[in-house]
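Observations on chain architecture
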Amino acid sequence: MALTSDPPAAPLTKEPAAPATDLVVVPVRHPWRWVAVAATAVLLVQFAHGLVTNPGWEWDVFAAFFTTETVLKAVWVTLQLTFHGTALGFAIGIVVAFMRLSANPFLRSVAFGYIWAFRSIPLIVQLLFWFNLAYLYKELSVGIPFGPSFFSFDTMGLVGEMSAAVLGLALHQAAYAAEIVRGGVLAVDEGQLEAAASLGIPKLRQVRRIVLPQAMRSILPNAANEVISLFKGTSIVSVMAIGELFYQVQVVYGRNGRVVPLLMVATAWYILLTTALSVVQHYVERHYAKGSTR
Amino acid sequence: MSSATTVEKTPAGTTAKVEIRAVHKNFGPLHVLRGIDLDVRAGEVTVVLGPSGSGKSTLLRTINHLEKVDGGTVSVDGVLVGYRRSGNKLYELREREILKQRTRIGFVFQNFHLFPHLTVLENVVEAPVSALKRPRKEAEAAARRLLERVGLADKAESYPKQLSGGQQQRVAIARALALEPGLLLFDEPTSALDPELVGEVLDVIKDLAATGTTMIVVTHEIGFAREVADTVVFMDEGRIVEQGPPADVLDSPRHERTRAFLSKVL
Ligand SMILES: Nc1ncnc2c1ncn2[C@@H]1O[C@H](COP(=O)(O)OP(=O)(O)OP(=O)(O)O)[C@@H](O)[C@H]1O
Ligand SMILES: [Mg+2]
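A brief structural summary. (Residues numbered from 1 in each chain as written. Chains lettered and ligands numbered in written order. Predicted model: local features only at pLDDT ≥ 70, side-chain atom pairs only at ≥ 80, totals over all residues. Heavy atoms only, no water.)

Here we take up the sheet that holds strand S2 (residues 30–40) of chain B. Residues and elements named next belong to chain B. Taken together, the four strands give an open sheet; going across it, the order is S2-S1-S4-S5, and neighbouring strands pair in antiparallel fashion. Whereas interior strands pair on both sides, the edge strands pair on one side only; in this sheet they are S2 and strand S5 (79–80). Two elements, strand S1 (residues 18–27) and S2, share eight bridges in a ladder whose sense is antiparallel. Bridge pairing in S2 places His-24 opposite Arg-34. (Pairing = 2+ DSSP bridges. Helix = DSSP H or I, 4+ residues; strand = E, 2+ residues; numbered from the N terminus.)

Another aspect to go through is helix H2 (residues 95–102) of chain B. Every α-helix winds through 3.6 residues per turn, so residues three or four apart in the chain are directed the same way. All names here are of chain B. Of all the residues in H2, the buried ones are Ile-98, Leu-99, Gln-101 and Arg-102. One side of H2 carries all its buried residues, which in axial view fall inside an arc of 160 degrees. Structural note: H2 exposes Arg-96 and Lys-100 on the side pointing more than 90 degrees away from its buried face. (Buried < 20%, exposed > 50% of the residue type's maximum accessible area, 1.4 Å probe, protein only. Arc of directions from axis to C-beta.)

This part is about the interface of chain B and chain A. Reports of interface size often rely on the accessible area that becomes lost once the parts have come together. In this complex, chain B contributes 28 residues to the contact, which on the side of chain A involves 23 residues. Approximately 2,100 Å² of surface area, both sides summed, lies buried where chain B meets chain A, with 58% of it carried by carbon and sulfur atoms. For chain B, the biggest contributors to the area lost against chain A are Leu-99, Phe-115 and His-117 of chain B; these three give 26% of the whole. Our enumeration of links across chain B and chain A arrives at four salt bridges. Between Lys-203 of chain A and Glu-95 of chain B there is a salt bridge, with the nearest N and O atoms lying 3.6 Å from each other. Here chain B is connected to chain A by six residue pairs in polar contact (both at pLDDT 80 or more). Sorting the residues of the side of chain B that touches chain A by element identifies H2, strand S8 (105–108), helix H3 (120–130) and helix H5 (165–177) of chain B as the ones contributing at least two each. Sort the elements by how many residues they give to the side of chain B that touches chain A and H3 of chain B lands first, with four residues. Partitioned by chemical class, the residues of the side of chain B that touches chain A number 14 nonpolar, five polar and nine charged. (Contact = heavy atoms within 4.5 Å. Buried area = accessible area lost by both parts, 1.4 Å probe. Salt bridge = Lys/Arg side-chain N within 4 Å of Asp/Glu carboxyl O. Polar contact = N/O pair within 3.5 Å; in protein donor to acceptor, adjacent residues only side chain to side chain. Nonpolar A, V, L, I, M, F, W, Y, C, P; charged D, E, K, R; others polar.)

What follows is about the side chain of Asn-64 of chain B. Inspection of the secondary structure puts Asn-64 of chain B in the loop between helix H1 (56–63) and strand S4 (71–76). With residues up to four places along the chain from it excluded, the contact list for Asn-64 of chain B reads Ser-198 of chain A together with Val-81, Arg-102, Ile-105, Phe-107 and Leu-185 of chain B.

Turning to the packing of aromatic side chains, a few remarks are in order. With the rule as written, the count across this model stands at eight aromatic pairs over all chains. On the basis of an interplanar angle of 75 degrees and a centroid distance of 5.3 Å, the ring pair of Trp-59 of chain A and Phe-62 of chain A is categorised as edge-to-face. Of this pair, Trp-59 of chain A and Phe-62 of chain A both sit in helix H2 (residues 59–66), three residues apart, which is roughly one turn of the helix. By relative accessible area, Phe-62 of chain A is classed as buried at 15%. Three or more aromatic residues joined by ring pairs make a cluster, and in this case those are Trp-57, Trp-59, Phe-62, Phe-66 and Trp-269 of chain A. Geometry around Phe-115 of chain B places Arg-175 of chain B over its ring, the cationic atom sitting 4.6 Å from the centre. (Phe/Tyr/Trp six-rings, centres within 6.5 Å; stacked < 30°, edge-to-face > 60°. Lys NZ or Arg CZ within 6 Å of the ring centre and 35° of its normal.)

This is the structure in C-alpha cells:
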C-alpha cells in the first residue's frame, strides 16, 4: 500500500489583489476599556453628587470662611514660611552641595555629616528643638571663638517663633536641596567643564554661566517637588502655635465645631496655591530648556 | 630655556613655540607618557599619529594643563605651563593663573563640547568677555567676523543642537580662535563626524595653518597630514617613535611600528 500523505488541498480563497492605497485599516476594539471607563465615570458622578447634595459638607460655611481675614492672614503666613524656608534652604543647600563636591576632604565630610544629620531627624522633632533653643543657649554672642565676645543677643528675642520655624524648615530643606543640587551638577557633562577650563573662563563664572544653567534642567523638577512639599509641610509648624493656615483653621473649628467645611477651606487653599506653583514651574523649566530639543 | 621667575606675558595674536621636555604621566599603575620630548617651532603645524591608547590625547592635554604632568616640563613660548620656576624649584601655579595661561592656548575637542544652552554667538563671545574682559560689543563684532571665517555667519543666533556635527566643530574652532591664541591644539577634530562632513572642518583647519598659527593636530587623516603638516610625529605606547617631515615619516618610515600602523590606516 502506498502511503502518500499529501496534505489536503487548502481551499484557495483567491482574493483580488487590491492596490496598497485602497486597503482599509480596522482598529483593534477594546470592549473592556469601555467597561472600565463607564464604571469610573459612575463613581466620579456619585462622588460629585455627594459633594453637592450631602449637607455634611456645609458649603455655605466653606464660602463664609474661605476669604475671611483670619484665613487670608493665615495663607499669607504659610506663603511666607514657604518662601523664606525655600530661599534660605536652597541658599544653604547650594553651599552644602559644593562643599560635598569639593576636593577638600574636611569640607566634604562636614557636608556629608550635615546631610546625614538633617535627613535623619524628623522635621517635627527638629522644629521643637529650635522652638526650645532659648532653653539650651540663653544668649548668642558674636566675638572671637572661645574668646571675648563683642555683642550678645537674648536668644528668645532673636529667635522669635516665626524665625525658629523658618530656620527649622530651611535647615531641613537644605539637606534635601543639597543632594538635589549636587545631583544636578553631577549630571552636567564633564566635557563642559573641560571646555570652560580650556577657554580660561574664571572658576566662579564657570559655575554660574556654564554649570548651573545646565544643572537647572535636572534640578528644577526635583526642586519643585521640594517646594510643594515644603509648602504643605508648613502645616507641621502648627505644633508651634504659629498662625499659619492649618493652625488657624483648627482654631476656628475648635470654636465653632464646623470641622469638615473648615478643613475644606484649608484644602482648597493648598490645592489652589500648589496649582499656581506648578504653573510657575512650567515657565521656569521652559526658560532653562533653551537650546535643548527635549 | 629661560629660567623665568615671573609669568611672562606674550602679546595676543602672536604665534607661539612649544617645548616639551621629558614629560611623564601616570594614571594609577598605567604609565601613559614615558618621557616625551618634542619641539614645535612657532608657526608650524605638527600632526601627531599613533594607535589608540598610545597617549596622544594625554600629551595634548598636558600642553594646556588639563592634565597635570608627573615629570618633565611643558613650555609655551618659553613660559612654563602650570608652574613657575625659581632656581631649582617648580612652584605649582594657582588655578587662576593657569586659567590665564590657557587663554593663550586654544583647544578643540573631538566631541566639540559646545555650551548647549548658549547660542553660537554666545559660545564664541563667552571667553573673550569673561576671561579677557573684552567689552561685549567688541567681542561680538569679532565673533561675527570669526563665524564668517568658518562659514557660519548665518548661524550666530542658532543653538548648537540645531547644527550639524561639522558646523558644530567649526563653531568650536571659532570659539577657540576668539581668544586669539598663539597655539591651537586639535584632538581628533573630525573623528566624531560623518565622512561627508570631515572635509569642511579640515578645510577650515587648513586655512588656519596657512595663516601661520602654531598648531598641534592629533588625527587619523593621513591625507591631511601629508598636505598640511610641517612635522609628523608618530607615537606608540607613550613614546615618540619617530618624527620628521611628512614625506619621510609617511612614505619611508624607519620604524617597524610606524610601518605597521600606516599599513593599517592607509
Ligand atoms: N583619566 C584617565 N584615567 C585613567 N586612564 C586614562 C585616563 N585618560 C586616559 N587614560 C588611559 O591612558 C592611555 C592613553 O590614553 P589617550 O587618550 O591619551 O590615548 P590616545 O592615543 O588619545 O587614544 P585614542 O586614539 O583612542 O584617542 C589609555 O590606555 C587610556 O585608557
Ligand atoms: Mg585620544
